[in-house]
Amino acid sequence: MEPTASLENRKCSTHKKMLEYYCTEDSTCICVTCCLAGKHKGHQVEPIDEVSEKKRMKLVNILEKLTSKRKETEKQVQNLKGQKRKVKEKAAGESERVTSIFKYIRRLLEDLEKSVLGEISRQMDQVVASVSELIQKLESQKEELSKGISHIEELCLLTDPLTLLQERESEKYDLCGAEERGNEDQRQASKLFEYVTDLDKVLTSMTLHTGLADIAAHFKKGLHIVEVSDLLLDINTASNNVSLSGDYKSASRTDSSQNLYEHPGRFTTHSQVLSTIAFSSGLQYWEVETNGSNYWMLGMCYPSIERNGPMSWVGASRKFWGLKREYGRYSVSHGPKVISLSPYSSANRVRIYLDYEAGRLSFYELCHPMKHLYTFKTTFTEPLHVVFCVWNQSWLRLRS
């Protein structure tokens, strides 16, 4: 029910007359006497009905705005709820996919385990059979030697010299032959045991290594993400105060000039260097190692970036997307836009992931567990080079 002022509330408390006007200077309702002779004499006043209508229209306008804002807020809430639901669905689908992959990996590992153990058993059976055959030969030799020993013992008991000499001459060849055969069998046994030792260390390990490599290669191919291992730094782009390692994978700043020859692609103002190759398609990642220093910048840039002057510094260029560490803290930059990241970091390895077609460039800190630092989302219009920017006491290295 709409609230209604009582009759007494509609009267002036001083003159006991009906409140018919509104004093705009004091923002209060007054009677006619207040206007003519009271303390509001000379003030600007308006009829209550007119002021009330103005206020009503103002409230209607506010109500419309609030209602519109509420609808917009409700729409945002619904959108966020929908996004939340989609994220959960995607997470469930991704979890199911990863679970399926690991089930498959476990099955492949179990098959590989059976294969390796089977190979060990096969080799064991082969060697055991050979050893058993050799044992039989040695047992036969042992039996033959025992017979020879008994016969010689009997000969030793003979008293007739002629008989003893005749028997010794007849047995001499056979005894020497038995000794030679025994020595040959012992040599075969020694070689066999050496072969068993080599087989256990080499063949089994190689079978296991090959199987694991095949499994890893299979899943890397299925993930469609290529680990780049042949990245090199381009000496034709390195500034004169950047020193490159002999394998062209590390860059550091030096106070002395490297006296490099002139080249149109060389940076002349800042301590920077590009990679020899550029990426214009695909999904790939690579890793960069730092020496834990507090001041460096790395990322990707277009080959059309300026090579001299203030805009050649990657940190100020719109043709650069990168990660910077300064005094242990990360930030990312693209042109004038700089975003500080937290918290403090002491890791010395970074992984860079590029999905060129999707316009995604991501940076990860390789700690335990691996931490996502930031992802740029844009549309790339040129190939992308890896770029290093180094300062005093810092170096960066491409890991192969």
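See the structure shown above.
Structural notes, computed from the coordinates. (Residues numbered from 1 in each chain as written. Predicted model: local features only at pLDDT ≥ 70, side-chain atom pairs only at ≥ 80, totals over all residues. Heavy atoms only, no water.)

1. Observations regarding the pattern of salt bridges
A side chain of one charge can pair with a side chain of the opposite charge when the charged atoms of the two come close.
Right, on to step 1. Following the criterion strictly, the structure yields 13 salt bridges and no others.
Right, on to step 2. Across the pair Arg397 and Asp247 runs a salt bridge, and its minimum N-O distance is 2.6 Å. Remark: Asp247 occurs in the loop between β5 (242-244) and β6 (250-253) and Arg397 occurs in strand β17 (residues 395-399); sequence separation between them is 150 residues.
Right, on to step 3. Taking relative accessible area as the criterion, Asp247 reaches 33% and is therefore assigned partly exposed. (Salt bridge = Lys/Arg side-chain N within 4 Å of Asp/Glu carboxyl O. Helix = DSSP H or I, 4+ residues; strand = E, 2+ residues; numbered from the N terminus. Buried < 20%, exposed > 50% of the residue type's maximum accessible area, 1.4 Å probe, protein only.)

2. Some words on the pairing of strand β10 (residues 320-326)
Right, on to step 1. Within β10, six of the seven residues are buried, which leaves the element mostly enclosed by the surrounding structure.
Right, on to step 2. Of the strand pairs in this sheet, strand β9 (residues 295-301) and β10 are connected by seven bridges, and their pairing is antiparallel. Looking across to β10, one finds that Trp296 is bridged to Arg325.
Right, on to step 3. Taken together, the five bridges between β10 and strand β11 (residues 329-334) define a ladder with antiparallel strand orientation. Bridged to Lys324 within β11 is Ser331.
Right, on to step 4. The turn joining β10 and β11, which pair antiparallel and follow one another in sequence, is formed by two residues; a positive phi near 55° is taken by Tyr327. (Pairing = 2+ DSSP bridges.)

3. A look at the side chain of Ser275
Right, on to step 1. One can find Ser275 in strand β7 (residues 272-279).
Right, on to step 2. For Ser275, a relative accessible area of 1% translates into the label buried.
Right, on to step 3. Leaving out residues up to four positions away in the same chain, Ser275 has contacts with Leu231, Leu232, Leu233, Asp234, His385 and Val386. (Contact = heavy atoms within 4.5 Å.)

4. Overview of the sheet that holds strand β1 (residues 21-23)
Right, on to step 1. Strand order in the open sheet formed by three strands is β2-β1-β3, with antiparallel pairing between adjacent strands. Of all strands in the sheet, those bounded by a partner on one side alone are β2 (28-30) and β3 (45-47). Within the sheet, the average angular offset between the axes of one strand and its neighbour, ignoring direction, is 35°.
Right, on to step 2. The pairing of β1 with β2 spans three bridges and is classified as antiparallel. Along β2, the bridge assignment pairs Tyr22 with Cys29.
Right, on to step 3. Together, β1, β2 and β3 form the strand contacts of helix α2 (residues 48-156), whose direction differs from that of β3 by roughly 85°. (Axes fitted to C-alpha atoms, helices over the stretch in contact; angles between N-to-C directions.)

5. Concerning the sheet that holds strand β12 (residues 337-340)
Sheet strands line up and pair through hydrogen bonds in the backbone, either parallel or antiparallel.
Right, on to step 1. Here six strands make up an open sheet; going across it, the order is β7-β16-β9-β10-β11-β12 and the pairing antiparallel. The open sheet is flanked by β7 and β12, the only strands paired with a single partner. Geometrically, the sheet is characterised by an average inter-axis angle of 15° between neighbouring strands, direction not taken into account.

6. A word on the pairing of β6
Right, on to step 1. Bridging between β5 and β6 involves three bridges; their strand directions are antiparallel. Among the inter-strand pairings, Ser243 is bridged to a residue of β6, identified as Ser252.
Right, on to step 2. The loop that links β5 with its antiparallel partner β6 comprises five residues; one of these, Tyr248, has a positive phi angle of about 60°.
Right, on to step 3. In this sheet, β17 lies alongside β6 in antiparallel orientation, the contact comprising three bridges. Its bridge partner being in β17, Ala251 is matched across the sheet by Leu396.

7. Some remarks on the environment of Asp49
Right, on to step 1. Within the secondary structure layout, Asp49 lies in helix α2.
Right, on to step 2. For the pair Asp49 and Glu20, spaced 29 residues apart in the sequence, the C-alpha separation amounts to 8.1 Å.

8. What to know about the nonpolar core
Right, on to step 1. Ranked by size, the top nonpolar core spans 36 residues in total, and within it Trp286, Leu323, Leu361, Phe363 and Phe388 carry the most contacts.
Right, on to step 2. Of all the elements, strand β16 (residues 384-390) adds the most residues to this core, at four residues.
Right, on to step 3. In this structure Phe388 touches Leu233, Lys249, Ala251, Ser271, Gln272, Val273, Val288, Met297, Leu298, Leu396, Arg397 and Leu398, once residues within four positions along its chain are discounted.
Right, on to step 4. One finds Phe267, Val314, Phe320 and Val387 within the second-largest nonpolar core, a separate group that totals 10 residues. (Core = buried A, V, L, I, M, F, W, Y, C linked by side-chain atoms within 4.5 Å.)

None of this, on its own, says anything about what the molecule does.
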